[in-house]
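Structural description and commentary
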Amino acid sequence: MSFIKAVRDQWHKSAFADKIANILKSDTDVCQLFVGATSMTTVANLIAAMSYNEQDSQYQDGQITDAVMLTILFDGFHLLMFKNIEHGNLSQAEHLIIELANMWASKELNNFSGSELNLNQYRELQKKIRKLTTQLDELNRQRRLEKRNM
C-alpha cells in the first residue's frame, strides 16, 4: 500500500507542478527569465517539490491565486535563502526561484479572495521577501568582494 500511496502523491505533486508552470507561462515578465539553460518545467517541478503538502487542499483543487502563489514561492525562497547563506552556491533553477519570489513580492495582488486580515498578512509576506532579498543580495555582493580581494 505504501507504494500506491507514493505513486499517488507523486501524481498529485506533478499536477501541482503543472499548475505552477501554467501560472508562470501566463506572465510575460516571468517568461523573459527563461531564456537560459533551465526550463520553466524544471523550475516548476522544483517549486512543487519544495512546497507541496498533500494535506493542503488549496494545492490540489481550484485555482491558484496570486496570494497563494506568493506563499508557494515563499516556501522555496525561505529554504533557498538558508542554503545560499550556508553554502553560497545555488543552481540556476534555484536562483530563478529566488528571483520569481522577489518578482511576485513586487506585484500587487490581483485576484485576492479573503479577508482584510489575510490581505495584511500577504502584504507582510511581500515586505519580508523584499527585505530578505535585499539582505541576500548584500551578502552575495560581500562574498564577491572577498573573492576578488584574495
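Here, the structure is the one placed above.
So, here's what we can say about the structure. Note that the coordinates shown come from a computational prediction; the quantities given were computed from them, not determined experimentally. (Residues numbered from 1 in each chain as written. Predicted model: local features only at pLDDT ≥ 70, side-chain atom pairs only at ≥ 80, totals over all residues. Heavy atoms only, no water.)

All right, on to the pattern of salt bridges then. Counted according to the given criterion, the structure contains 6 salt bridges. One salt bridge in this structure joins aspartate 9 and lysine 5, with 2.9 Å as the shortest N-O distance. Of this pair, aspartate 9 and lysine 5 are both found in helix α1 (residues 2-25), 4 residues apart, which corresponds to roughly one turn of the helix. Note that lysine 127 and glutamate 124 form a salt bridge whose closest N and O atoms lie 3.6 Å from each other. One end of the pair is lysine 127 and the other is glutamate 124, both in helix α7 (residues 116-149) and 3 residues apart, which spans about a single turn. Relative accessible area serves as the criterion here: at 48%, lysine 127 is assigned to the partly exposed category. Because the salt bridges share partners, they merge into one network encompassing Lys5, Arg8 and Asp9. (Salt bridge = Lys/Arg side-chain N within 4 Å of Asp/Glu carboxyl O. Helix = DSSP H or I, 4+ residues; strand = E, 2+ residues; numbered from the N terminus. Buried < 20%, exposed > 50% of the residue type's maximum accessible area, 1.4 Å probe, protein only.)

Another point: the packing of aromatic side chains. If you walk through the whole model with that rule in mind, you get 2 aromatic pairs. Note on phenylalanine 16 and tyrosine 52: the rings are 5.8 Å apart at their centroids and 45° apart in plane angle, and the pair reads as tilted. Of this pair, phenylalanine 16 sits in helix α1 while tyrosine 52 is found in the loop between α3 (40-51) and α4 (57-60), placing the two residues 36 residues apart along the sequence. Exposure remark for phenylalanine 16: the relative accessible area of 0% places this residue in the buried category. The exposure class of tyrosine 52 is buried, given its relative accessible area of 14%. The ring centre of tryptophan 104 lies 3.7 Å from the NZ or CZ of lysine 107, which sits over that ring. (Phe/Tyr/Trp six-rings, centres within 6.5 Å; stacked < 30°, edge-to-face > 60°. Lys NZ or Arg CZ within 6 Å of the ring centre and 35° of its normal.)

With respect to the secondary-structure elements, threonine 38 resides in the loop between α2 (28-31) and α3. In terms of polar contacts, threonine 38 uses its side chain to reach the side chain of glutamine 92, at 2.8 Å. In this view, threonine 38 contacts Val43, Gln92, Ala93 and Leu96; residues no more than four positions away in its chain are not counted. (Polar contact = N/O pair within 3.5 Å; in protein donor to acceptor, adjacent residues only side chain to side chain. Contact = heavy atoms within 4.5 Å.)

A few words on α3. With 12 residues, α3 extends 16 Å between its outermost C-alpha atoms, agreeing within 8% with the 16 Å of an ideal straight helix rising 1.5 Å per residue. Residues Met40, Val43, Ala44, Ile47, Ala48 and Ser51 constitute the buried set of α3. One side of α3 holds all its buried residues, which, seen down the axis, span an arc of 135°. (Expected span 1.5 Å × (residues − 1). Arc of directions from axis to C-beta.)

Attention shifts here to the environment of leucine 136. Relative to the assigned elements, leucine 136 resides in helix α7. Judged by its relative accessible area of 5%, leucine 136 is buried. As for leucine 136 and phenylalanine 82, which are separated by 54 residues in sequence, their C-alpha atoms are 9.7 Å apart. Look past the residues within four positions of leucine 136 in its chain and what remains in contact with it is Met81, Asn84, Ile85 and Ile98.

Within this model, the largest pocket holds a volume of roughly 160 Å³. Along its surface, the largest pocket is lined by Asn84, Gly88, His95, Asn140, Arg143, Arg144 and Lys147. The biggest single contributor to the lining of the largest pocket is α7, with 4 residues. Grouping the amino acids of the lining of the largest pocket by side-chain chemistry returns no nonpolar, 4 polar and 3 charged. (1 Å grid on protein atoms, 1.4 Å probe; cavity = no way out; pocket = protein on both sides within 12 Å on 5 of 7 lines; lining within 4 Å. Points joined across faces, edges and corners; volume = space filled by probe spheres on them. Nonpolar A, V, L, I, M, F, W, Y, C, P; charged D, E, K, R; others polar.)

All right, on to a nonpolar patch on the surface then. On the surface, Phe3, Ile4 and Val7 cluster together to form a nonpolar patch covering roughly 340 Å² of accessible area. Along the chain, phenylalanine 3 turns up in helix α1. (Patch = residues over 30% accessible without salt bridge, like charges linked within 9 Å, V, L, I, M, F, W, Y side chains within 5 Å. Areas by Shrake-Rupley, 256 points an atom, 1.4 Å probe, with all protein chains shown as cover.)

Shape is all these values report; function is a separate question.
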